[in-house]
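If you want the building blocks of each chain, they are given just below.
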Amino acid sequence: MNNLQTLGFDNWFQDKLDLSKTDFNIVRVISVNKNSFVVSNGEKDIYAELTGKFLFNSDSALDLPTVGDFVSAQLFDDDTLAIIQDILPRKSLIKRKAAGKKIDYQLIAANIDIAIVMQALDSNFNIRRLERYLVIVNDNNITPIILLSKSDLISPEEVEEKKKQILGILPEVKIISFSNNDQSDIENIKSLFTPHKTYCLLGSSGVGKTTLLNNLIHQELYKTQPIREKDGRGKHTTTRRELIVLENGAIIIDNPGMRELGVISNESGLSDTFTEIDELADRCKYRDCTHTVEAGCAVLEAVKMGEISAERHNNYIKIYKESLYNEMSYVEKRQKDKKFGKFFHSTMKDVKKMKGR
């Protein structure tokens, strides 16, 4: 397992191993392209596929491997082909609602220790969007770090003001402002990374994630694209999720920029992001208070008194309602899928019986 330790395989995963499956190799998924994968055993990268049984028994995206997963696989053809048999238990999982009208999860990365959320200090800076990212990160108790890029585009006073805005809602979060054009800033960011820990790089298109990654690995391995001048929005430079090992042994997963950040969250994601609202909720008159219209609502009173901004409260309500709707729709979808599955299996049995006559 020594080679796997360089990919973040620690005692947590060792304790979860099923020792009865000794015929399989443990590898880590380093990139995904639909139903084909690239995995690594710590020595080499290997093309991988899922077994037909694995695909057939998968009811949801949650059942499929994603970047960062440790999986058990059989290796063939001198370790040039891997057939994935199972997914090891996940330490953590960053996910969002699939883009568009489809109600399902899209997996972003698994087994993340620290999530690095990037925003640019230009027109991209948006506290409300940052709150959305943090709900997704906090859903799995993953430690967030916030990087504010393009610090050279505004004055030091403006940088500090934006940091204060973030600390106003997250007093204990680590925030680092930087410029990709300043080598001392890059060296400061490198000090964040601990060997064998897994980091996930999150942020919208155009915030400078790809440029930062190139700076961290000391080569122009990934293409960058210019920002549109009319609205400051970037294009998707990274097109797939990919795991990269830095020279100090830290592991980083890069992600395409996300313009649509739908939330399917459990309560911990919201409560850990909107901690003051969660704490005030215990003082509301009604236990099932929605914090929207009720008399005796401690949260509405705090908004009225200016203790919580109306914008933050509105964003909380918006994300809560959206998450609740998505979660209910997802459960209904799963129930329909299971009913269809039972119907399909029952029909196939009847067909086989008729053929046997």
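Keep in mind that what you see is a predicted model, and the values were worked out from it rather than measured.

Re the pattern of salt bridges
And step 1. Evaluation of the coordinates by the stated rule reveals 11 salt bridges.
And step 2. The closest approach of N and O atoms between Glu131 and Arg312, which form a salt bridge, is 2.6 Å. Residue Glu131 is found in helix α4 (residues 127-138), and its partner Arg312 is found in helix α11 (residues 310-356); the two are separated by 181 residues along the sequence. Assigned by exposure class, Glu131 and Arg312 land together as buried.
And step 3. We note a salt bridge from Lys190 to Glu187, for which the minimum N-O separation is 3.3 Å. Of the two residues, Lys190 and Glu187 are both situated in helix α6 (residues 183-190); the distance of 3 residues between them amounts to about one turn of the helix.
And step 4. By relative accessible area, which is 18% here, Lys190 ends up buried.
And step 5. Judged by relative accessible area, which is 40%, Glu187 ranks as partly exposed.
And step 6. A cluster of three or more residues bridged by salt bridges with shared partners is formed by Arg128, Glu131, Glu276 and Arg312.

Description of the environment of Asn248
And step 1. Along the chain, the position of Asn248 falls in the loop between β12 (242-245) and β13 (251-254).
And step 2. Take Asn248: its relative accessible area is 33%, and that puts it in the partly exposed class.
And step 3. Separated by 52 residues in the primary sequence, Asn248 and His196 have C-alpha atoms spaced 8.7 Å apart.
And step 4. Contact partners of Asn248, with chain neighbours within four places excluded, come to Phe193 and Pro195.
And step 5. Within the local environment of Asn248, its side chain forms a polar contact with the backbone oxygen of Phe193, the two atoms lying 3.0 Å apart.
And step 6. Of note is the side chain of Asn248, whose polar atom sits 2.9 Å from the backbone nitrogen of Ala250.

Focus on the nonpolar core
And step 1. Counting residues in hydrophobic clusters, the biggest one holds 56 residues, and the most contacted among them are Phe9, Ile94, Ile146, Ile166 and Leu202.
And step 2. With 7 residues, α4 is the single largest residue contributor to this core.

Description of the confidence of the model for the protein chain
And step 1. Confidence in the prediction of the protein chain, expressed as mean pLDDT, is 85, and 82% of residues score 70 or more.
And step 2. Across residues 227-239, confidence stays below pLDDT 50; counting only partners more than four residues off in sequence or on other chains, it has 29 contacts.

Some details on the pairing of strand β5 (residues 81-87)
And step 1. Bridging between strand β3 (residues 45-50) and β5 involves 4 bridges; their strand directions are parallel. In the sheet register, Leu50 faces β5, and the bridge partner there is Ile84.
And step 2. For strand β4 (residues 70-76) and β5, the ladder comprises 6 bridges, and the chain directions are antiparallel. Residue pairing for β5: Leu75 is matched across the bridge by Ala82.
And step 3. The loop that links β4 with its antiparallel partner β5 comprises 4 residues; one of these, Asp77, has a positive phi angle of about 50°.

A few points about unusual backbone geometry
And step 1. Backbone geometry places Asp77, a non-glycine residue, at a positive phi of 50°.
And step 2. Locating Asp77 in the fold gives a position in the loop between β4 and β5.
And step 3. If you check the backbone angles, Asp79 has positive phi at about 60° while not being a glycine.
And step 4. Examined against the element boundaries, Asp79 turns out to sit in the loop between β4 and β5.
And step 5. Relative accessible area serves as the criterion here: at 33%, Asp79 is assigned to the partly exposed category.

Comments concerning the packing of α4 against helix α5 (residues 156-169)
And step 1. Following both chains from N to C, one finds α4 and α5 inclined at 45°, their axes separated by 11 Å at the closest point. Accordingly, the angle class assigned to the pair α4 and α5 is oblique. When the axes of α4 and α5 are compared, the crossing they make is right-handed. Side by side, α4 and α5 meet where Ile127, Leu130 and Glu131 of the first sit next to Gln165, Ile166 and Ile169 of the second.
And step 2. For the contact of α4 with α5, the per-class residue count stands at 4 nonpolar, 1 polar and 1 charged.

What about a nonpolar patch on the surface?
And step 1. A cluster of nonpolar side chains, Tyr320, Leu324 and Met328, forms an exposed patch at the surface whose accessible area comes to about 270 Å².
And step 2. Positionally, Leu324 belongs in helix α11.

With respect to α6
And step 1. For α6, the set of buried residues is Asp185, Ile186, Ile189 and Lys190. Here the buried residues of α6 occupy an arc of 145° about the axis, which is enough to place them on one side.
And step 2. Check the buried side of α6 and you find it contacts β9 (143-149), β10 (174-177) and α7 (209-217).

The rules behind each value
- Residues numbered from 1 in each chain as written.
- Predicted model: local features only at pLDDT ≥ 70, side-chain atom pairs only at ≥ 80, totals over all residues.
- Heavy atoms only, no water.
- Salt bridge = Lys/Arg side-chain N within 4 Å of Asp/Glu carboxyl O.
- Helix = DSSP H or I, 4+ residues; strand = E, 2+ residues; numbered from the N terminus.
- Buried < 20%, exposed > 50% of the residue type's maximum accessible area, 1.4 Å probe, protein only.
- Contact = heavy atoms within 4.5 Å.
- Polar contact = N/O pair within 3.5 Å; in protein donor to acceptor, adjacent residues only side chain to side chain.
- Core = buried A, V, L, I, M, F, W, Y, C linked by side-chain atoms within 4.5 Å.
- pLDDT = per-residue confidence, 0-100.
- Pairing = 2+ DSSP bridges.
- Axes fitted to C-alpha atoms, helices over the stretch in contact; angles between N-to-C directions.
- Parallel < 35°, antiparallel > 145°, perpendicular 65-115°, else oblique.
- Left-handed = near helix turned anticlockwise from the far one by under 90°.
- Nonpolar A, V, L, I, M, F, W, Y, C, P; charged D, E, K, R; others polar.
- Patch = residues over 30% accessible without salt bridge, like charges linked within 9 Å, V, L, I, M, F, W, Y side chains within 5 Å.
- Areas by Shrake-Rupley, 256 points an atom, 1.4 Å probe, with all protein chains shown as cover.
- Arc of directions from axis to C-beta.

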